[in-house]
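Each chain is listed here by its residues.
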Amino acid sequence: VKTMHEPERGDLYKHFKGGFYIVLYAGVKNANNDANDEETYIFYKRVGNGDMYIRKHSEFVSKINGKQYRFKYVGNVLNDERYKKNEETPVQSQN
């Protein structure tokens, strides 16, 4: 059974519709100032235009129509020398 990569800071993902995104932060957000109402969220940005997004962890790692994952892990831009030089490099190499 194939599982989704656990999102971490610096991870590069390809969205099932084709865009590339980098995880900025994965952490707990307290939605209603209630300790019992905490959920993990993924904060990420689109490569190229820099638009920023937030999504519940459960949605980020979910499958679309039970078939394919919403995001496909490509690599980590913080740990891979190929990606440190230019944010566009991983996208160009994946097309």
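This one's a predicted model, so the numbers in the text were calculated from it and none came from an experiment.

Student: So what's going on with the overall build of the protein? Which residues, and what values?
Tutor: Of regular secondary structure, the protein possesses 3 helices and 7 strands. Considering only contacts within the protein whose residues lie at least 6 apart along the sequence, 41% involve residues at least 24 apart. Carbon and sulfur atoms make up 43% of the accessible area of the protein, which amounts to about 6,400 Å² in all.

Student: Which residues make up the side chain of serine 62, and what values go with them?
Tutor: Relative to the helices and strands, serine 62 is located in the loop between α1 (57–60) and β5 (63–64). Its relative accessible area of 18% is what places serine 62 among the buried residues. If we ignore the near neighbours within four places in the chain, the residues touching serine 62 are Gln68, Tyr69 and Arg70.

Student: Account for the pattern of salt bridges, naming residues and giving values.
Tutor: All told, the structure shown has 1 salt bridge when counted by the stated rule. The residue glutamate 59 makes a salt bridge to arginine 55 at a minimum N-O spacing of 3.8 Å. According to the relative accessible area criterion, arginine 55 is partly exposed, its value standing at 21%.

Student: Talk me through the environment of alanine 26; I want residue IDs and the actual numbers.
Tutor: Mapped onto the elements of the fold, alanine 26 is located in strand β2 (residues 20–30). Classification of alanine 26 by relative accessible area gives partly exposed; the value is 33%. Sequence separation between alanine 26 and phenylalanine 43 is 17 residues, and the spatial gap between their C-alpha atoms is 6.2 Å. Excluding anything up to four places from it in sequence, alanine 26 contacts Pro7, Tyr41 and Ile42.

Student: Tell me what's going on with the packing of aromatic side chains, and back it up with residues and numbers.
Tutor: Per the stated rule, a full pass over the model turns up 11 aromatic pairs. Ring centres of tyrosine 13 and tyrosine 73 lie 5.6 Å apart, and the angle between their planes is 70°; on these two criteria the pair is classed as edge-to-face. Taken together, the residues span a long stretch of sequence, with tyrosine 13 in strand β1 (residues 11–15) and tyrosine 73 in strand β7 (residues 71–76) at a distance of 60 residues. The interplanar angle of 85° and the centroid separation of 5.8 Å between the aromatic rings of tyrosine 21 and phenylalanine 71 together place this pair among those described as edge-to-face.

Criteria and thresholds
- Residues numbered from 1 in each chain as written.
- Predicted model: local features only at pLDDT ≥ 70, side-chain atom pairs only at ≥ 80, totals over all residues.
- Heavy atoms only, no water.
- Helix = DSSP H or I, 4+ residues; strand = E, 2+ residues; numbered from the N terminus.
- Contact = heavy atoms within 4.5 Å.
- Areas by Shrake-Rupley, 256 points an atom, 1.4 Å probe, with all protein chains shown as cover.
- Buried < 20%, exposed > 50% of the residue type's maximum accessible area, 1.4 Å probe, protein only.
- Salt bridge = Lys/Arg side-chain N within 4 Å of Asp/Glu carboxyl O.
- Phe/Tyr/Trp six-rings, centres within 6.5 Å; stacked < 30°, edge-to-face > 60°.

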